[in-house]
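A closer look at the structure
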Amino acid sequence: MSAHPILCKPVWGHFLHLDGLHDLPLTTLIAADEMLDAIRRTGTVDPSSSDYALWAQGAASDDPGGWLDRLGIAAAVILPSETRKIAGAQALLRKGASPLGPPPSGAHAEAPSPWDPCERLVAPRARKVSVHPWDLPEPWQAALRRAAQGLPGQKTAAPARDILRRTREKLCQLASSALEAGLAPDLSEPVVSQYLGDLEARLRSRPHGIRWATMRATVEELYRFARYTRMTDDDRKYLRKRLSRYEFFERGQDALKFAALLDTGNTTLSVIDKADELLEQAAQEMDPETRHRLRNAGAILGLYSIVPLRRADADLILAETLRWESGTWVIDTPIQKTMSHSPEHLVVPLEPEFSRYVDAVVRGDFDDQHLPELRARATGSGRPLFVHPDGSRPSPTYIPRIFKEQTGNSFTTTRTMLHTDQAISRGEVGTTDAMQMCHHKSSKIAQKYQEQRIRGVAINRVQNAAAARRAGLVSPDLLEALRTLSTDEEERE
């Protein structure tokens, strides 16, 4: 192919008189000709950097940066005023401003590899209150390896890998406690009682003391292992008895996550307000990498405050667990907590108020007018929604870490926050709606949050009644003086 067919086009008649035009390589003329065709086709009067970036991805999806390089060489001769915008387009593509292209290397999680839960490590870290997995009794190791292969046990199916890890660690702690007391590690009543007593003693020394939820979860793992293996009926009955006891104690103790939310004062609405502030900061930020991080942070707060996914499900993948359908973004993700044995999906079509947080990430630094095309490209990309400024995939801790940095609360409080806000403002109806968003099935969840709401309302009523009684015992002038004195003391402190 020669340059003659290109230069014979009418649009090129405006440039034939320019010095250096006929010295341009053919590849640069082709790029410039494609750019002029795009301008005519789209009716663009003043192309922006995002226009050039999109045209590059359409003309050379395998090497859009090279296409812009060639276009830049041609523009320096025929349209020098556009070279700055073309350089801006290069910057957009370099920093992965939008999840448009194919997923980067390693973007998809690999299928779980064969796993030996009792594999001996070369240089293991020292353990103080537990033994290493390879030091567990041989029958326990065999059972753990069998469960790791997904094979069913005596009375239950194999647990998911994360649950099996927790079970293994509880067994390692129990074995250590038994050996310290001169007992053989097993799940008999004396050994379990020794282990739980040691665990309670350790928890008492912590700032928050014994957390009955921790004790309940510990016995739950032991009971799960007892059902999976050939443990005696007496041992299982004893574990069931201890489990019931800790469940009873737990019901009378507010979870730490409630206290954590009280400390920060966060609510669903306040977190959404913070999300909007972060997006506004991103729009005003000059540094592109900082702008990208602020945009990610704002979208994380806005999206997960209303759809409080668990940590294992939060890394949404475009075209897989997040799709553009029927005019909105739809989250359709398996719930990791139950997917091993009863695979269910949480399907949430986002309202426009919350769909915009996804749009903010998909659009990136591109102009608003390109959002429909960006959505279409993103939907077929197979990339994670949240990536680093260079386009690489963050670690699994990225989303929870950003949420904690911005709110002061852990990512696990998102469900607590939504439940609490809905229970307080809308009662049982709000709790039921929150259960659907959180993918909670048990009615015990609703009862727990309703009890939390009732206690809060009762405390407020008692405090208000006491304040009213005090107010009736003194004159209005004296009451005002006492309030002023109390305020002055607080300010001095």
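Residues numbered from 1 in each chain as written. Predicted model: local features only at pLDDT ≥ 70, side-chain atom pairs only at ≥ 80, totals over all residues. Heavy atoms only, no water.

Moving on, we get to the sheet that holds strand 1 (residues 322-325). Ordered by their spatial adjacency, 3 strands build an open sheet running 1-2-3, and the pairing between neighbours is antiparallel. A strand with exactly one partner marks an edge of an open sheet, and here the two such strands are strand 1 and strand 3 (345-349). Here the strands of the sheet are splayed against their neighbours by 20° on average, with no regard to which way each runs. Sheet topology places strand 1 next to strand 2 (residues 328-334); 4 bridges connect them, and they run antiparallel. For W324, the partnering residue across the bridge sits in strand 2 and is W329. (Pairing = 2+ DSSP bridges. Helix = DSSP H or I, 4+ residues; strand = E, 2+ residues; numbered from the N terminus. Axes fitted to C-alpha atoms, helices over the stretch in contact; angles between N-to-C directions.)

Of note in this structure, A319 is not a glycine but carries a positive phi near 80°. When you line up the elements, A319 lands in the loop between helix 13 (288-306) and strand 1. What makes A319 partly exposed here is its relative accessible area of 32%. At S326, a residue that is not glycine, the phi angle is positive and equals roughly 50°. With respect to the helices and strands, the residue S326 is situated in the loop between strand 1 and strand 2. On the basis of relative accessible area, S326 is assigned to the exposed category, the value being 82%. (Buried < 20%, exposed > 50% of the residue type's maximum accessible area, 1.4 Å probe, protein only.)

So, on to helix 3 (residues 49-59). Counted residue by residue, helix 3 has 8 buried out of 11 residues, so it is predominantly covered. Of the residues making up helix 3, those classed as buried are S50, D51, Y52, A53, L54, W55, A56 and Q57.

Another aspect to go through is the confidence of the model for the protein chain. Summary statistics for the protein chain give a mean pLDDT of 78 and a share of 74% for residues scoring 70 or more. Within the model, the stretch residues 102-112 combines pLDDT values under 50 with 17 contacts to residues more than four positions away or in other chains. When the criterion is pLDDT under 50, residues 450-467 qualifies, and its contacts beyond four places in sequence or with other chains add up to 10 contacts. (pLDDT = per-residue confidence, 0-100. Contact = heavy atoms within 4.5 Å.)

Among the 7 residues that make up strand 2, 6 are buried, leaving the element largely enclosed by the rest of the structure. Connecting the antiparallel pair strand 1 and strand 2 is a turn made up of 2 residues, with S326 showing a positive phi of about 50°. With 5 bridges joining them, strand 2 and strand 3 adopt antiparallel strand pairing. Bridge pairing in strand 3 places I331 opposite V348.

This part covers the packing of helix 6 (residues 138-148) against helix 7 (residues 161-180). Interaxial distance between helix 6 and helix 7 falls to 11 Å at its minimum, and their mutual angle equals 170°. In terms of orientation, helix 6 and helix 7 fall into the roughly antiparallel class. For the pair helix 6 and helix 7, the contacting residues are W140, L144, A147 and A148 in the first and L164, R168, L171 and L174 in the second. Tallied by class, the residues present in the contact of helix 6 with helix 7 amount to 7 nonpolar, no polar and 1 charged. (Parallel < 35°, antiparallel > 145°, perpendicular 65-115°, else oblique. Nonpolar A, V, L, I, M, F, W, Y, C, P; charged D, E, K, R; others polar.)

A separate point is the nonpolar core. If you look at the biggest cluster of nonpolar residues, it comprises 68 residues, and the most contacted ones within it are W12, W67, L71, I300, Y304 and F386. Broken down by element, the residue count for this core peaks at 8 residues, all from helix 13. Apart from the residues within four sequence positions on either side, I300 is in contact with S305, F386, Y398, I399, I402 and F403. Core analysis: the second largest hydrophobic core is formed by 36 residues, V131, A143, A158 and V192 among them. (Core = buried A, V, L, I, M, F, W, Y, C linked by side-chain atoms within 4.5 Å.)

Glancing now at the environment of R393. Mapped onto the fold, R393 is located in the loop between helix 15 (371-379) and helix 16 (398-407). A sequence separation of 10 residues divides R393 from R383, and the C-alpha atoms of the two residues are 8.6 Å apart. A polar atom in the side chain of R393 sits 2.4 Å from the side chain of D315. (Polar contact = N/O pair within 3.5 Å; in protein donor to acceptor, adjacent residues only side chain to side chain.)

Before going further, it helps to examine the packing of helix 3 against helix 4 (residues 64-78). The geometry of helix 3 relative to helix 4 is characterised by a closest axis approach of 8 Å and an angle of 115° between their N-to-C directions. Note on packing geometry: the crossing formed by helix 3 with helix 4 is right-handed. Note on element contacts: helix 4 touches helix 3 through P64, W67, L68 and L71, opposite Y52, W55, A56, Q57 and A59. Classifying every residue of the contact of helix 3 with helix 4 by side-chain character gives 8 nonpolar, 1 polar and no charged. (Left-handed = near helix turned anticlockwise from the far one by under 90°.)

A full pass over the atoms with the stated rule returns 0 disulfides. C172 takes part in no disulfide bond, and the closest cysteine sulfur, belonging to C118, lies 7.3 Å away. Judged by its relative accessible area of 0%, C172 falls in the buried class. (Disulfide = S-S within 2.5 Å.)

Attention shifts here to the side chain of Q90. Here Q90 lies in helix 5 (residues 83-94). Excluding residues that lie within four positions of it along the chain, Q90 makes contacts with G65, L68 and D69.

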